[in-house]
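If you want the building blocks of each chain, they are given just below.
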Amino acid sequence: MSEDSIVRFAQRMNQLPPYLFGMINKMRMTKRSQGHDVIDLGMGNPIDPTPEVVTRKLCEVVQDPKSHRYPVAAGLKNLKREIGLYYDREYGVGLNSESEVICTIGSKEGISHLCLALMGPGDTVLVPTPAFPVHIYAAIIAGANVIRIPLAPEELFLERISTMCESLYPTPKVLILNYPHNPTSVVANLELYKEVVKLAHRYKFMVIHDFAYSKITFDGYKAPSFLEVPGAREVGVEFGSFSKSYNMAGWRMGYCVGNREIIEGLAKIKGYYDYGIFSAIQIAGIVALRDCAAEVEQQAQIYQQRRDVLCQGLERLGWSVTKPKAGMFVWARIPEPFAKWGSMEFGIRLMEEANVAVAPGIGFGEEGEGYLRLALVENEHRIRQALRQMGKALRKWSEEMPDHESEAKLEAAEA
């Protein structure tokens, strides 16, 4: 922007770094426009189709002119009712669908608007890190002060929350949780939530739980809802999404459930910003919740198989990888001798020389440096191809390094 420009952005814009995923997507699109076949493991953007019964319902309802009008901003009554039934069926949580459920234009929009409703200058928010960017920057945009708490085993993590609450005045206003976690895929159990609820009552902070990956679980693990804990509804809310489990990312539909006062605040702020979700999409969402349990389970199996292919392939390349129990990502430490480049440079080199897009860990905060987040969105054949291309690039880079820097022999993954 030139010095004589009349454009003047708000001060909050200076606190927002370039959006990592926008940069990665731009690089990927540029390479593809040049004829390169870039395998995208960078963004959690499902390539699998939405269940057919859902798309059929959308096509049916969209023909009705009544659906073309402004929708109900907080969500259709029947959709909210179905969300309530879903929580009762899946988690044994009984919700008042009128006062404890609201529909959002994806969970990202809902979290962002809720931050505007709950936070302002002088408020402090605790966010475990590394973190999905919206968990940090939605609070910053709202004017709050964000304190990052490094993810840690349960006892240490809870101790860190307590320490912050004891040492800060005023005490933190909100704690943002996200399990199964993005980007690390760390999972939680009910014992952790019970302790968080106790701390929330003791120190009078609210809890926002992002539960977007609730149904993408592996090896028999089932992710619990934060609201299963007695007293949780007195202190917080939980966000869910249709994007991942139902492959409805582009449909932009999510929901928030829990504390009725917080729900009311979100509804009030959304009333000034949007008119809600297209009615035909909401009706299709009812069908997804009601009739697609088998498809959700099948999709989780697909992600588990892709996880196994990717993790086994990385291990053959000499990487140390922990198989995630949930989510649609593998969080992998960059091996020596390449870690010294940093995750951003390493990711750019993979894009440029291996035609593989990944999400550099630094994009999730300083705590993510040295790692990559690899999405399980490509099919198994494409994942194997990506591993072959990565292996070729790693061998080339290893050979170009001085002997004292290249200690490990890298072997290409075999199909």
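The structure we're discussing is the one just above.
Student: What is the right way to look at the overall build of the protein in this model?
Tutor: Summing up its helical and strand segments, the protein has twelve helices and twelve strands in all. Scaling as 2.2 N^0.38, a compact globule of 415 residues should have a C-alpha radius of gyration of about 22 Å, and the protein matches this with 22 Å. Its C-alpha atoms give the protein principal-axis dimensions of about 65 × 60 × 55 Å. Counting every position in the protein, which comprises 415 residues, the buried fraction comes to 55%. The contacts in the protein between residues at least 6 apart in sequence include a share of 74% that link residues at least 24 apart. Total accessible area on the protein stands at roughly 19,200 Å², and carbon and sulfur atoms take up 51% of it. One finds the centroid of the 47 positive side-chain charges in the protein at a distance of 4 Å from the centroid of its 50 negative side-chain charges.

Student: Before we go on, may I ask you to explain the environment of Gly-44 in this structure?
Tutor: In this structure, Gly-44 sits in the loop between strand E1 (39-40) and helix H2 (52-61). Residues Gly-44 and Leu-374 lie 330 residues apart in sequence; the distance between their C-alpha atoms is 8.6 Å. Excluding its chain neighbours within four sequence positions, the residues that come into contact with Gly-44 are Lys-244, Met-328, Phe-329, Arg-373, Ala-375 and Val-377.

Student: Explain the sheet that holds strand E12 (residues 371-375) here, please?
Tutor: The pairing of strands in a sheet comes from backbone hydrogen bonds and takes either a parallel or an antiparallel form. As summarised here, the arrangement of the three strands in space is E9-E12-E11, forming an open sheet in which the pairing is antiparallel. Each edge of the open sheet carries a strand with a single partner, namely strand E9 (329-333) and strand E11 (359-360). Strand contacts of helix H11 (residues 343-354): E11 and E12, with the helix running at about 45° to E12, the strand carrying the most contacts.

Student: Mind showing me how you'd approach the pattern of salt bridges here?
Tutor: Any two side chains of opposite charge can pair, on the condition that their charged atoms come close. Tallying each qualifying case throughout the model produces 22 salt bridges. Taking the shortest distance from any N to any O, the salt bridge between Glu-90 and Lys-215 comes out at 2.7 Å. Residue Glu-90 is located in helix H3 (residues 77-91), and its partner Lys-215 is located in the loop between strand E6 (206-210) and strand E7 (236-241); the two are separated by 125 residues in the primary sequence. Classification of Glu-90 as partly exposed rests on a relative accessible area of 21%. Because the salt bridges share partners, they merge into one network encompassing Asp-219, Arg-307, Asp-308 and Lys-323.

Student: I tried to follow the sheet that holds E6 on my own but got confused; where do I start?
Tutor: What the seven strands build is an open sheet, ordered E2-E8-E7-E6-E5-E3-E4; its pairing is mixed. Two strands in the sheet have a free side with no partner beyond their single neighbour: strand E2 (101-104) and strand E4 (145-150). Strand-to-strand twist across the sheet, computed as the mean angle between neighbouring axes with direction ignored, equals 20°. Relative to E6, strand E5 (residues 174-178) runs parallel, the two sharing five bridges. Of the residues in E6, the one forming a bridge with Val-174 is Met-206. Along the sheet face, helix H5 (residues 133-141) touches strand E3 (124-129), E4, E5 and E6 and points at about 160° away from the line of E4.

Student: What am I meant to see in the pairing of E12 here?
Tutor: Sheet faces and side chains relate simply in a regular strand, where the side chains alternate between the two faces. Buried residues dominate E12, accounting for five of its five residues. Both faces of E12 are covered, namely the face carrying Tyr-371, Arg-373 and Ala-375 and the face carrying Leu-372 and Leu-374. Where E9 lies against E12, five bridges are found, and the strand directions are antiparallel. If you follow Arg-333 over to E12, its bridge partner there is Tyr-371. Bridge analysis of E11 against E12 gives two bridges, and the strand direction is antiparallel. Directly across from Pro-360, in E12, lies its bridge partner Leu-372.

Student: Would you mind going over helix H8 (residues 260-271) with me for this structure?
Tutor: An α-helical segment advances 3.6 residues per turn. Residues three or four places apart therefore align on the same side. The end-to-end C-alpha distance of H8, which contains twelve residues, comes to 16 Å, matching closely the 16 Å that a straight helix rising 1.5 Å per residue would cover. Residues of H8 that are buried: Ile-262, Ile-263, Leu-266 and Lys-270. End-on view of H8: buried residues confined to an arc of 100°, all on one side of the axis. Residues of H8 that are exposed and point over 90 degrees away from its buried face: Glu-261, Glu-264, Lys-268 and Gly-271. The elements touched by buried residues of H8 are E2, helix H4 (106-118), E6, E7 and strand E8 (254-258). With a side-chain oxygen positioned 3.0 Å from the backbone nitrogen of Glu-261, the residue opening H8 is Asn-259.

Student: Sorry, what's going on with the packing of H3 against helix H9 (residues 279-291) here?
Tutor: When two helices pack together, you describe them by how their axes are tilted relative to each other and by the distance separating the axes. Closest axis-to-axis distance for the H3/H9 pair is 9 Å, and the angle between their directions is 20°. Taken together, H3 and H9 sit at an angle that is classed as roughly parallel. In this structure, H3 meets H9 at a crossing whose hand is left-handed. Residues Asn-78, Leu-79, Glu-82, Ile-83, Tyr-86 and Arg-89 of H3 form the contact with H9, whose own contacting residues are Gln-282, Gly-285, Ile-286, Leu-289 and Arg-290. Of the residues in the contact of H3 with H9, the class split is five nonpolar, three polar and three charged.

Student: Sorry if this is basic, but what is going on with H9 here?
Tutor: Compared with an ideal rise of 1.5 Å per residue, which puts 13 residues at 18 Å, H9 spans 19 Å between its outermost C-alpha atoms and is within 8% of the ideal. A large share of H9 lies buried, amounting to ten of its 13 residues. Listing the buried residues of H9 in full gives Ser-279, Ala-280, Ile-281, Gln-282, Ala-284, Gly-285, Ile-286, Val-287, Ala-288 and Leu-289. Where H9 is buried, its residues contact H2 and H3.

Student: How do you make sense of the pairing of E8 when you look at a structure like this?
Tutor: Across the five residues of E8, five count as buried, placing the element largely inside the fold. Neither face of E8 is left uncovered, since the one carrying Gly-254, Cys-256 and Gly-258 and the one carrying Tyr-255 and Val-257 both have all their residues buried. In the sheet, E2 pairs with E8 via four bridges, with the strands oriented antiparallel. Each bridged residue has a counterpart across the sheet, and for Val-101 the counterpart in E8 is Val-257. Relative to E8, E7 is paired through five bridges, and the arrangement is antiparallel. From the neighbouring strand, Phe-239 faces E8, where its bridge partner is Cys-256.

Definitions and limits used
- Residues numbered from 1 in each chain as written.
- Predicted model: local features only at pLDDT ≥ 70, side-chain atom pairs only at ≥ 80, totals over all residues.
- Heavy atoms only, no water.
- Helix = DSSP H or I, 4+ residues; strand = E, 2+ residues; numbered from the N terminus.
- Rg over C-alpha atoms; globule rule 2.2 N^0.38 Å.
- Buried < 20%, exposed > 50% of the residue type's maximum accessible area, 1.4 Å probe, protein only.
- Contact = heavy atoms within 4.5 Å.
- Areas by Shrake-Rupley, 256 points an atom, 1.4 Å probe, with all protein chains shown as cover.
- Lys, Arg positive; Asp, Glu negative; His and termini not counted.
- Charge placed at Lys NZ, Arg CZ, Asp CG, Glu CD.
- Pairing = 2+ DSSP bridges.
- Axes fitted to C-alpha atoms, helices over the stretch in contact; angles between N-to-C directions.
- Salt bridge = Lys/Arg side-chain N within 4 Å of Asp/Glu carboxyl O.
- Expected span 1.5 Å × (residues − 1).
- Arc of directions from axis to C-beta.
- Polar contact = N/O pair within 3.5 Å; in protein donor to acceptor, adjacent residues only side chain to side chain.
- Parallel < 35°, antiparallel > 145°, perpendicular 65-115°, else oblique.
- Left-handed = near helix turned anticlockwise from the far one by under 90°.
- Nonpolar A, V, L, I, M, F, W, Y, C, P; charged D, E, K, R; others polar.

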